[in-house]
Amino acid sequence: MLVVFALIFLALVLFATEWYPIDVTAILVMVLLMILEPWTQISPQEGLSGFANPATITVLAMLILSTGINRTGIVQLISRKMAAFAGTDQRKQLGATIGVTGPISGLINNTPVVAILVPVIADLAHNGKTSPSKLLIPLSFASMLGGTLTLIGTSTNILASNIAAQLGAESPELGLHAFGMFEFTKLGIVVFVVGAIYLMTVGVRLLPKRIPADEDLVEEYALQEYLADVVAPANSSLIGQPVEKAFGKDDLDIDVLQLIRDGERFSDPLARKEIRENDTLRLRTNRETLEHIMDAQGLALTGGPPTEEDLNSDEDEPVLVEIVIPSGSFLVNETLASSTFRQRYDANVLAFRTRGDVVRDRFEDISIRVGDTLLVQAPPDSLTRLVENEDFIVAHEFDEVTYRSEKIPFAVCIIAGVVALPALNILPIVVSALAGVVAMIFTGVLKPTELYSSVEWNVIFLLAGVIPLGIALQQTGAAALLGNAVASTATFLPTIGVLWMFYLVTGLLTSVISNNASIVLMIPVAASAAQSIGANAFAFVLAVTFAASTAFMTPIGYQTNLFVYGPGGYTFSDFLRVGAPLQLLLSVVTVVGIAFFWGIRA
């Protein structure tokens, strides 16, 4: 037990600090469990069992199905109707955002839903003269609330169902079983409605106007001091030099964004274009470097700093957009320099927003994390590639993207079948989901080559890595020990109080580590505690599941929070201010709802 507790402590530290990606941490823990088999009681077969676990396979299949839905454009179609309905009325915009996001998140994995809707909601806000920060946190929170509606709403529910089934098989007296497709939908509806009312009334008042509705991206990122137009007069030493060699030293933090000659603009490729007399160079650099090169190269400053309108002045010229880095992107844990992002996409990065902080110079060697936002200037063809690439979330909608709209009927029928077959007890959810993947390939909703790129492999490796930790908790008696310790609080707390405590602890844990990791750690403990005090184990498992699915208080508690962090211009405290009251409110609503619908006594 001491060895397992030590590994849990190591996992918690690594998950919370993000010294390594969470999937790498999970695999590290899995390997250590197998290496330390005499103490952890985890054989290689058990250590690797997470890869063949029904929860892992089901999540993999659901990620592919979500991509298939995305390829048809049905979510975008619904969202455009939402935008037309909402117009410039902020209350309608907020209501439409919550009303569309929640139900959709109950039917397909909520993480891809937010990835799809971030650009839609950002554009809705800008077009409707509303600050995006008034809508993007509600988008993320609504997706989490919607994820509680069905078994397949989030990977957390699927994993919790599988763990409950395993515990029930090992200890039939617990009365645990796999969740039905709509087994907790009635509670999910209550939670969703209460959460929606909170966001529409109290939450909207607590949300900041972090980004003024009429502010352009140059102003939002405060780039005025980092963008400049300079002219190369006849006596400049740059005349006749190619752009790539113009500023010589590699240690100078400077990018040439555009060359303007006789009213004509050149952006791509610039490297080998020779500089001529009276050419204007549009630069990204800091004031100190600008003054240095002006003195050294004989350049003259012209006009004021360019605006977003200047940077997007021609439809054939590069466009300024924000790009969010999702989980699974090749850029995660890379730097702009090591990833060769600029060379791959002919795109200039003008600023970098990470965990709420904006970096405007010397960001080439900063390690990129999930949720970081890049302010990018890219030509139209590169932008199309960025939009169509699963490695990026471009926070703006583009009409150039083509969808397989003719496949919408097939996609809808397939998802309906995936939901209905397990609900009617005809097929297990893992079989139904895999059958749905095959059906999407046969009907052309997805191409075979898109299967592997549709999967967020870090999520799969995370699940496969943490599942053996839950087995070790059970087999070493560590879960029973912790459960008995928590059960001792029943001497001064009523059963419903112990249930509420489990909700709160799980919610706090999920705020700093992965929600799937918290499920693996907390469900065995909750089941053991329930058994010790003669309580309904299913009620305790459900409380933990709901708490892990609704991590509102920090941007790192849930992937969808990270997706809106940058585009909303949020700070860490924004999530705490809006999310903490909601978390507390739902802790009471959920626990009372569980007691009402299922009872808390065994």
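Reading guide: rules and limits
- The residue numbers shown here count from 1 along each chain, following its written sequence.
- Residues qualify for local features only when their pLDDT is at least 70, as the model is predicted, and side-chain atom pairs are given and counted only at 80 or more; totals for whole chains, interfaces and linings, by contrast, use all residues.
- In computing side-chain values, all of the structure's heavy atoms are included and hydrogens and water are not.
- The secondary structure listing takes helices from DSSP runs of H or I that are at least 4 residues long and strands from runs of E that are at least 2 residues long, numbered from the N terminus.
- Two things to know: the radius of gyration comes from C-alpha atoms, and the globule rule equals 2.2 Å times the number of residues to the power 0.38.
- Note on contacts: a residue pair is in contact if any heavy atoms of the two residues lie within 4.5 Å.
- For accessible areas, the Shrake-Rupley method is used with a probe of radius 1.4 Å. Any residue's cover is judged against the shown protein chains and nothing else.
- Each patch is built from residues that are more than 30% exposed by relative accessible area and take part in no salt bridge. Like charges join if they lie within 9 Å; nonpolar side chains (Val, Leu, Ile, Met, Phe, Trp, Tyr) join within 5 Å.
- By convention in these notes, a salt bridge is any Lys or Arg side-chain nitrogen within 4 Å of a carboxyl oxygen on Asp or Glu.
- Exposed residues in this analysis have more than 50% of their type's maximum accessible area, buried residues have under 20%, and partly exposed residues fall in between, with area computed by a 1.4 Å probe over protein chains only.
- With axes taken as lines fitted to C-alpha atoms, and helix axes fitted only over the stretch in contact, angles between N-to-C directions fall between 0 and 180 degrees.
- By definition, any crossing whose near helix is turned counterclockwise from its far helix by less than a right angle is left-handed, and any crossing with a clockwise turn is right-handed.
- Three classes are used, and their members are as follows: Ala, Val, Leu, Ile, Met, Phe, Trp, Tyr, Cys and Pro are nonpolar, Asp, Glu, Lys and Arg are charged, and the others, Gly among them, are polar.
- When the centres of two rings from Phe, Tyr and Trp lie within 6.5 Å, Trp using its six-membered ring, the rings pair. Their planes under 30 degrees apart give stacked, over 60 give edge-to-face, and anything left gives tilted.
- Between any two strands, at least two bridges found by DSSP are needed for them to pair.
- Comment on the angle field: the value is read as roughly parallel under 35 degrees, roughly antiparallel over 145, roughly perpendicular from 65 to 115, and oblique elsewhere.
- Looking at any residue, its pLDDT shows the predictor's confidence there, from 0 to 100.
- For a helix, the expected span equals 1.5 Å multiplied by the residue count minus one.
- Polar contacts, as counted here, are pairs of nitrogen or oxygen atoms within 3.5 Å of one another; within protein the pair requires one atom able to donate a hydrogen and one able to accept it, and residues that are adjacent in sequence qualify only if both atoms are side-chain atoms.

**Quick look at the overall build of the protein chain**
Scanning the protein chain for helices and strands turns up 27 helices and ten strands. In terms of overall size, the protein chain behaves like a compact globule, its C-alpha atoms giving a radius of gyration of 26 Å where 602 residues would be expected to give roughly 25 Å. Once local pairs closer than 6 in sequence are excluded, the contacts in the protein chain between residues at least 24 apart make up 78%. Here the protein chain displays about 23,200 Å² of accessible surface, and carbon together with sulfur accounts for 60% of that area.

**A closer look at a nonpolar patch on the surface**
A contiguous nonpolar patch, built from Leu48, Phe51, Tyr452, Trp457 and Phe461 and spanning about 510 Å² of accessible area, is present on the exposed surface. On the basis of relative accessibility, which here comes to 34%, the residue Phe461 falls in the partly exposed class.

**Re the packing of helix H2 (residues 22-35) against helix H21 (residues 457-475)**
One can describe the packing of H2 onto H21 by two numbers: an axis separation of 8 Å at closest approach and a directional angle of 35°. In this structure, H2 meets H21 at a crossing whose hand is left-handed. Here Ile22, Asp23, Ala26, Ile27, Val29, Met30 and Leu33 of H2 lie close against H21, whose contacting residues are Asn458, Phe461, Leu462, Ala464, Gly465, Val466, Pro468, Leu469 and Ala472. Here the contact of H2 with H21 is composed, by residue class, of 13 nonpolar, two polar and one charged.

**Here we look at the environment of Phe552**
On the secondary structure map, Phe552 appears in the loop between helix H25 (537-549) and helix H26 (559-565). Counting along the chain gives 44 residues from Phe552 to Leu508, while the straight-line C-alpha distance between them is 9.8 Å. Other than its neighbours up to four places away in sequence, Phe552 contacts Phe141, Met144, Leu145, Asn561, Phe575, Gly579, Leu582, Gln583 and Leu586.

**Some details on the packing of aromatic side chains**
Within this structure, the stated rule accounts for 13 aromatic pairs. For the ring pair Phe179 and Phe184, a centre distance of 5.6 Å and an interplane angle of 85° mean the geometry is edge-to-face. Each member of the pair, Phe179 as well as Phe184, carries the same accessibility label: buried. Among the aromatic side chains, those forming a connected cluster through ring pairs are Phe179, Phe184, Phe538, Phe546, Phe596, Phe597 and Trp598.

**Thoughts on the pairing of strand E7 (residues 348-354)**
Within E7, seven of the seven residues are buried, which leaves the element mostly enclosed by the surrounding structure. For E7 and strand E9 (residues 373-378), the ladder comprises five bridges, and the chain directions are antiparallel. When the sheet's bridge partners are listed, Ala351 is paired in E9 with Leu375. Relative to strand E8 (residues 357-359), E7 runs antiparallel, the two being bridged by three bridges. What sits directly across from Thr354, in E8, is Asp357. From the end of E7 to the start of E8, which pair antiparallel, there are two residues, and Arg355 there has a positive phi angle of about 50°.

**Section: the packing of helix H11 (residues 185-206) against helix H27 (residues 572-597)**
Two elements in contact, H11 and H27, have axes separated by 10 Å at closest approach and are oriented at 155°. Classified by the angle between their axes, H11 and H27 sit roughly antiparallel to one another. Along this stretch, H11 crosses H27, giving a crossing that reads as right-handed. On H27, the residues that touch Lys186, Leu187, Val190, Val191, Val194, Gly195, Tyr198, Gly203 and Leu206 of H11 are Arg577, Val578, Pro581, Leu582, Leu585, Leu586, Val589, Thr590, Gly593, Ile594 and Phe597. Across the contact of H11 with H27, the residue classes break down as 14 nonpolar, four polar and two charged.

**Section: the sheet that holds E8**
Sheet strands associate in pairs through backbone hydrogen bonding, adopting either a parallel or an antiparallel arrangement. Taken together, five strands build an open sheet; the order of strands is E8-E7-E9-E6-E10 and the sheet is antiparallel. Each edge of the open sheet carries a strand with a single partner, namely E8 and strand E10 (393-394). Note that strand E6 (residues 319-324) and E9 share six bridges and pair antiparallel. Bridge pairing links Ile323 to Leu374 in E9. Its contacts with the sheet place helix H18 (residues 380-388) against E6, E9 and E10, and it is angled at close to 145° to E9.

**Some remarks on the pattern of salt bridges**
One pass over the full model with this rule turns up five salt bridges. One salt bridge connects Asp279 with Arg261, and the closest N-O pair in it is separated by 2.7 Å. In this pair, Asp279 sits in the loop between strand E3 (264-266) and strand E4 (280-285) while Arg261 sits in strand E2 (residues 254-261), placing the two residues 18 residues apart along the sequence. Take Asp279 and Arg261: they sit in the same class, and that class is buried. With a closest N to O distance of 2.7 Å, Arg577 and Asp574 form a salt bridge. Here Arg577 and its partner Asp574 are both found in helix H27, three residues apart, which amounts to about one turn of the helix. Looking at Asp574, the relative accessible area reads 0%, which means it is buried.

**Side note on the environment of Leu462**
Considering the arrangement of structural elements, one finds Leu462 in helix H21. Looking at Leu462, the relative accessible area reads 4%, which means it is buried. Once the C-alpha coordinates of Leu462 and Pro567 are considered, the two residues, 105 residues apart in sequence, prove to be 26 Å apart.

**Some points on the confidence of the model for the protein chain**
When pLDDT is averaged along the protein chain, the result is 84, and 93% of the positions lie at 70 or above. Confidence scores differ between elements of the protein chain, with helix H15 (residues 308-311) showing the lowest mean pLDDT of 63 and H11 the highest of 94.

**Points about helix H7 (residues 90-107)**
A rise of 1.5 Å per residue sets the reference length of H7, with its 18 residues, at 26 Å; its end C-alpha atoms lie 27 Å apart and thus fit the reference within 8%. Regarding H7, the residues found buried are Gln93, Leu94, Ala96, Thr97, Ile98, Val100, Thr101, Gly102, Ile104, Ser105 and Gly106. Buried residues belonging to H7 abut helix H6 (74-86), helix H8 (110-127), helix H9 (136-147) and H11.

**Regarding the side chain of Ser133**
Along the chain, Ser133 turns up in the loop between H8 and H9. Here Ser131 takes part through its side chain, which lies 2.7 Å from a polar atom of the side chain of Ser133.

**Some remarks on the sheet that holds E3**
Read across the sheet, five strands follow the order E3-E2-E4-E1-E5 without closing on themselves; strand pairing throughout is antiparallel. The two strands at the open ends of the sheet, each matched to only one other strand, are E3 and strand E5 (300-301). The sheet contact formed by strand E1 (residues 227-231) and E4 spans five bridges and is antiparallel. By the bridge assignment for E4, Val230 is matched with Leu281.

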